[in-house]
Amino acid sequence: MTIWHDMQAAGLIHCGCVLLNGEVQHSCFPAESKKQLAVAKQALMYVFRSVDKSDKDYDEAHIEIGDALFSGFKLDSDRLLIFLSEHDTNTLQIRQFIDDNKERFLQL
Amino acid sequence: MTDYKVLFTGSVCSGKTTAIRSLSDIETVDTDARVSDSAIRRKRKTTIAMDYGVLDLSDDARLHLYGTPGQERFKFMWEVMMSDLVHDAEGLVLLVDNTRNDPFKDIRFYVEEFRDFIVRRRLIIAVTHSDEQAEPDHDYYMQELKAMGLFTTVIFIDARDPSSVLKIVKELVGHREKEIAWSELEERLAVNSSMPQVTEEEHESSSADMSENVTLLDAAMNTRGITGAIHLGADRKVLSSNVSSKQNKELLRSMINLVTALETKASFLGHIDDLVLCGPQQETLSVFVEKEQALGLCSDKELSINVVKQQAMDLLQWSQR
């Protein structure tokens, strides 16, 4: 079982990926969701780039578009976790999962 | 004896409790508590679990009236009611407050939430508060609902007036219960009327007092965990703000601009409902951007984002009042 499966089984996400310096390092986005990944990646990187100018300590962003929620979590200064989930997902649970499994994500 | 059940739902202040009180032959069972969120703009008490009443239609038929709480944070009760108490209901009455800025947003939301429930049941849309806000009118509702693929009945009612609310009952069970003496029923229920016994002038003045007393910012701050709010107009100039931190205020404004920029740069995305930023020690910042207005909220990081979203939705829907 991968970490993505664990999150999917817990009903937290549809799919996710790790970006290293803006490039996809590991992903479970299916081929048919390529466009959604591109959207999530561009939008969240844009948000963090803009917000970092004011406060670098914000490490979590969520963009709700219709039924979809695109979430970005900074793992460290180089790595960004990106998730696609249902719009009403409990994001506190995703945050908790990341905190509990940070090492697993870093090893991807 | 034939027992029918009907479930009333709709946004906060749409008139669910009042409609059930208007129809009930018994003292209604309600679960009112002091309002502890943005609904303070409209009322002082709200339903937190459910409303229940009973209407004797005839010697052989009875209608059980159930009402959900309006706030989305009590959504678990919607589930409990749908799966248990009213799983065998005749229909769902969706009360729509005509004073909301976009009543169709509420319709889309509730139809989606109750989609599985209404698949095999009647859906009746009952528009309330049209005495305060006449538009959209019946024709406009029918036209918009048709465009949404919803072919259903729309009735304009005054939830305080039993004879008006009875129109829903007629629509729901009238074709099956031919023995109901509607005029007698109407007379009997007249005692439940909560129509104001004041002149129109006095009524208008008291309504104005209510909304003037609680500003949008005051209403936002009435939710425990919300620590600041900023309201911007269509030109993105600040209409009002009580965000004390200069940095947070600037961040909220730049987030609103970010949403607009993202929507412009990637128009295929569609409308961005909200953007939320969180940090380990920081207050959570959320922005909700519409064409005519935008709202930014600061909140404690422990406060669920879904609660913040619901509050923002209600605040924006009542912003013109």
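This text follows the structure it describes.
Note that the structure is predicted; figures quoted are calculated from it, not measured.

**What about the overall build of chain B?**
Working step 1: When helices and strands are tallied, chain B shows 11 helices and 13 strands.
Working step 2: Here chain B has a C-alpha radius of gyration of 21 Å; the compact-globule value for 321 residues is 20 Å, and the two agree.
Working step 3: Judged by the C-alpha coordinates and their principal axes, chain B covers about 65 × 45 × 35 Å.
Working step 4: Counting only residues that meet the buried cut, chain B has 55% of its 321 residues in that class.
Working step 5: Split by element, the accessible area of chain B, about 14600 Å² in all, is 48% carbon and sulfur.

**Looking at the interface of chain A and chain B**
Working step 1: Each partner contributes residues to the interface: chain A has 25 residues there, and chain B has 28 residues.
Working step 2: When chain A packs against chain B, close to 2300 Å² is buried across both sides, 60% of that on carbon and sulfur atoms.
Working step 3: Its largest share of buried area at the contact with chain B, chain A owes to Tyr46, Tyr58 and Glu64 of chain A, together 28% of the area lost on that side.
Working step 4: Summed over the shared surface of chain A and chain B, the result is 1 salt bridge.

**Some words on the pairing of strand 1 (residues 15-20) of chain A**
All names here are of chain A.
Working step 1: Counting buried residues in strand 1 gives 5 out of 6 residues, a clear majority hidden from the surface.
Working step 2: Strand direction decides the pairing type here: strand 1 and strand 2 (residues 23-27), joined by 4 bridges, are antiparallel. Along strand 2, the bridge assignment pairs Leu19 with Val24.
Working step 3: Between strand 1 and strand 2, which follow one another and run antiparallel, lie 2 residues, and Asn21 among them has a positive phi close to 50°.

**Quick word on the packing of helix 2 (residues 34-52) of chain A against helix 10 (residues 246-265) of chain B**
Working step 1: Following both chains from N to C, one finds helix 2 of chain A and helix 10 of chain B inclined at 150°, their axes separated by 11 Å at the closest point. Considering their axes alone, helix 2 of chain A and helix 10 of chain B lie roughly antiparallel with respect to each other. Note on packing geometry: the crossing formed by helix 2 of chain A with helix 10 of chain B is right-handed. Residues Ala43, Tyr46, Val47, Ser50 and Val51 of chain A of helix 2 of chain A form the contact with helix 10 of chain B, whose participating residues are Leu251, Leu258, Ala261, Leu262 and Lys265 of chain B.
Working step 2: The residue inventory of the contact of helix 2 of chain A with helix 10 of chain B, partitioned by class, reads 8 nonpolar, 1 polar and 1 charged.

**Section: the sheet that holds strand 10 (residues 238-241) of chain B**
Where strands meet in a sheet, backbone hydrogen bonds hold them as pairs that are either parallel or antiparallel.
Working step 1: Across the sheet, which stays open at both edges, the 10 strands sit in the order 2(A)-1(A)-5(A)-4(A)-3(A)-11(B)-12(B)-13(B)-9(B)-10(B) with antiparallel pairing between neighbours. Among the strands making up the open sheet, the edge pair consists of strand 2 of chain A together with strand 10 of chain B. In this sheet, neighbouring strand axes are inclined to one another by 15° on average, regardless of whether the strands run parallel or antiparallel.
Working step 2: Bridging between strand 3 (residues 60-65) of chain A and strand 11 (residues 274-278) of chain B involves 5 bridges; their strand directions are antiparallel.

Cut-offs used in this document
- Residues numbered from 1 in each chain as written.
- Chains lettered and ligands numbered in written order.
- Predicted model: local features only at pLDDT ≥ 70, side-chain atom pairs only at ≥ 80, totals over all residues.
- Heavy atoms only, no water.
- Helix = DSSP H or I, 4+ residues; strand = E, 2+ residues; numbered from the N terminus.
- Rg over C-alpha atoms; globule rule 2.2 N^0.38 Å.
- Buried < 20%, exposed > 50% of the residue type's maximum accessible area, 1.4 Å probe, protein only.
- Areas by Shrake-Rupley, 256 points an atom, 1.4 Å probe, with all protein chains shown as cover.
- Contact = heavy atoms within 4.5 Å.
- Buried area = accessible area lost by both parts, 1.4 Å probe.
- Salt bridge = Lys/Arg side-chain N within 4 Å of Asp/Glu carboxyl O.
- Pairing = 2+ DSSP bridges.
- Axes fitted to C-alpha atoms, helices over the stretch in contact; angles between N-to-C directions.
- Parallel < 35°, antiparallel > 145°, perpendicular 65-115°, else oblique.
- Left-handed = near helix turned anticlockwise from the far one by under 90°.
- Nonpolar A, V, L, I, M, F, W, Y, C, P; charged D, E, K, R; others polar.

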